[in-house]
Amino acid sequence: MLDGMSNSNPLETGGVIGQESIGNIQGNTQKFFIDSWLIDEVTVYDSNIPVQYGGFTGGVVDVTTKKPGSKFGGKLSYRTTQSGWSHYFIDERDREVFNKSESSESQPNFRKDFYSVSLNIPVTEDTKFITSYSRRESVIPLGYFDGYRDTERRSESYYLKGLHNIDGVSYIEASFTYSPYKGKYFVKDTIESDYETVGGGYFASANYFKETGEGGNIKFHADYSFQENSRINSTDYHKTWISSYYKPWGSKADLYDELPSYEGGPGNLNKENGALNLSFDQNLSPRSLWGKHKISYGATYGYIMGRHHRPEEYTLYSGAVLSEDVICIDTETCVDGEQYFTIRSTYPKSDVRAYINQFAAYANEEWRFNRFLFNAGLRVTNDDYMNNTDFSPRTRLQADIFNDNGTILAAGYARYYGSSLLSNKLREGILPSIKNVRWTDKNLVQSWEYTDNQSFTEYNFSDLRTPYSDEFTAGVEQKIFGSILNLNYTARLSEDEFARDYIVLEKDGRRHWRLNNNGSSQYQSVQLKWSKSWKNHSLLFNTTWSESKTSNDNYDSDFSLEDMETEVFLEGKRIKLKDLPRDNFNKPYVLNFAYAGKFFENLTVSAILKYTTPYKKLTSDDDVFVGYGETNPDTGERDEITLASYSIAHINEQYMLDCVFSWKQKTYKDQSLTVTLEIFNILDLKNKIGEGSRSTAAQGYYTYDIYQMGRQFWLGLAYAF
């Protein structure tokens, strides 16, 4: 949440930015980003989430920005880092590959620069504004054949917020943000593959707030946002040629076995989202009846629009065959006397739009009686897409054992429903790709023909139930020697999660995947927290034990009851898929120590020490060949049967100490200059976090260890006036 607006991205996201797929553009889980200087308060709910929040099954982060102040002033800031200030721990077996990085996740050479300026502008005693501009830039050279090319990213944010005090008990505020994003990328070892991503957008919001006396208030909220996530590519195809005399560039990727000669980019694609939200909230003044009662209620309406637009047909060519006698009928997909493509997958032009209306209402009562505090709330939601009316009860009982706020016991139950993802409805309208094949007759390449060997996912979410999570909590808070100790237990049982199963529809002979509600997961955790503050210092400790099980990682995972009987290899032994542990199945214990202190009126020091116990992690290996199956009617060859293979990586204990040193020097009157030095992994400890495997021409197949980054420096300057 950002000033009352949902900041979650309803479009399909995930994956690594800069590593694109044909049908999707990777993006962030948040719509917009703002300068941290503008943030006034951040409230994190990881359990016992109030009833006014909905559309999630995990947690909520509610961010409130600053209100404009009564005094003119502002801040200029700059923050930077670069590869020369960073130490990487690289397994010597994989150093050659790392030095020629082809992924933004591994960056042996980079530079990142962040700029921002903010102003507080009072116009009158009752009318004030605050505005800011921020910019983030990065240039990352990545491997491209036997050399390097730069990838670039730039994001900006323009922000304006105004507040007008009406009569001392009521006010209105409005804000506007414009946050564009642009990136330049290429597909590794592929010619004609340059593309740009254009993202971001704008949002506007308005609030009316009025105090109604004796602790009561009323609030009206409205916001509108628009965002896009688009890809601009000069080609509308991708071809996988066999590296050859006429198509030789695949051989230039010299770290690996000779690659195919790839040509073409991921294609043009536009994704857009617009959203309008209206809400009303009221807190009534407390009433006395066998204790104190506080009642609150509210309602929301949301209108969401989405668009998935492929402006031109996109074609994927594969199945290249070498033939010295081939005679071509075209020169785009065939080379006379050398090779030709046998498979063509066509993604048709499409312009899919989706519109969803969402409704919600809630009511909550807080009843305080003697040393007990009881919260009971109910949230009701509905939309015109899935047409499910969902009821979310939220309850919590709290007891002050000795009636002195020294020892407090609490327990609660809540149900959370996930949102109807906009990307789900868009998926229903996207046309599937069409597969064609061809061969030669007397060495002459024939025309493309339709094949029955087709497969696509049939998306239909409107007939499904809304995924939900039941949460049970219990905890105790104890004040001791001027500090606060918390112990909390949380358990979540999630049901009706989206998954898919495999079926065959005889009417067209195609192989289909259909969505279902067969997914489920379980989660439980125990968290211990301790905090203490004195003078200019504070200390915090927390540790969490957690355990989770899930039937599928996401709704694209295959999950029918029959599928779970499929065999896989684990550590060389054949087991059922249902018996395979999930990734990170053996969760570690994580202990965090945080300190913040001020010295000499100028120096602020903060440090976070993290300790992680040893744990096990599931890793994926190359598939294992187990035999031959039926003869493929398209190729005349027998299909190879392979089983997925996994192994277990043993991760040792880890320590990580991050420190921030900030020196604030007054310059003129109330103005000041602040120099900040951030040092991550200040002890330069070598922490293994996983294992990987790959095959290169020089080394063949090998495994290697993956480590966290070593010591890294960030330098920042800020001038406040």
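Each chain has its residues counted from 1, following the order in which its sequence is written. Where local features are concerned, this predicted model is filtered to residues with pLDDT of at least 70; where side-chain atom pairs are given and counted, the filter is 80 or more; whole-chain, interface and lining totals use all residues. Side-chain measures were taken over the full set of non-hydrogen atoms in the model, leaving aside hydrogen atoms and water.

**Some words on the state of the cysteines**
So, step 1. To count as a disulfide, a pair of cysteine sulfur atoms needs to be within 2.5 Å. Overall, the coordinates contain 1 disulfide when judged by the stated rule.
So, step 2. Paired through a disulfide, Cys328 and Cys334 show a sulfur-sulfur distance of 1.9 Å. Residues Cys328 and Cys334 share a disulfide whose torsion about the S-S bond is about -70°; that sign makes it left-handed. The burial state of Cys328 is the same as that of Cys334; both residues are buried. A 1.4 Å probe rolled over the protein chains alone gives each residue an accessible area, and that area as a share of the maximum for its type sets the label: buried under 20%, exposed over 50%, partly exposed in between.

**So, the confidence of the model for the chain**
So, step 1. Known as pLDDT, the predictor's per-residue confidence is scaled from 0 to 100. Taken residue by residue, the chain gives an average pLDDT of 85. The fraction at 70 or more is 85%.
So, step 2. Below pLDDT 50 for its whole length, residues 14–19 participates in 17 contacts with residues either more than four positions away or in separate chains.
So, step 3. Scored below 50 in pLDDT, residues 558–563 shows 15 contacts in the model against residues more than four places distant or in partner chains. Any two residues having at least one pair of non-hydrogen atoms within 4.5 Å are treated as being in contact.

**Brief notes about the environment of Thr151**
So, step 1. Helical segments are the DSSP runs of H or I of at least four residues, strand segments are the runs of E of at least two, and each set is numbered from the N terminus. Assignment of secondary structure puts Thr151 in strand E6 (residues 147–165).
So, step 2. Separated by 43 residues in the primary sequence, Thr151 and Asp194 have C-alpha atoms spaced 10.0 Å apart.
So, step 3. Excluding its chain neighbours within four sequence positions, the residues that come into contact with Thr151 are Ser138, Val139, Ile140, Leu142, Lys184, Tyr185 and Phe186.
So, step 4. Here a polar contact means two N or O atoms within 3.5 Å. Within protein one must be a hydrogen donor candidate and the other an acceptor candidate, and residues neighboring in sequence count only if both atoms are side-chain atoms. A distance of 2.8 Å separates the side chain of Thr151 from the backbone oxygen of Ile140, its partner in a polar contact.

**So, the side chain of Ser285**
So, step 1. Mapped onto the fold, Ser285 is located in the loop between strand E13 (269–283) and strand E14 (287–288).
So, step 2. You can call Ser285 buried: its relative accessible area is 12%.
So, step 3. In terms of polar contacts, Ser285 uses its side chain to reach the backbone carbonyl oxygen of Gly213, at 2.7 Å.
So, step 4. Apart from the residues lying within four places of it in its own chain, the contact partners of Ser285 are Gly213, Glu214, Gly216 and His293.

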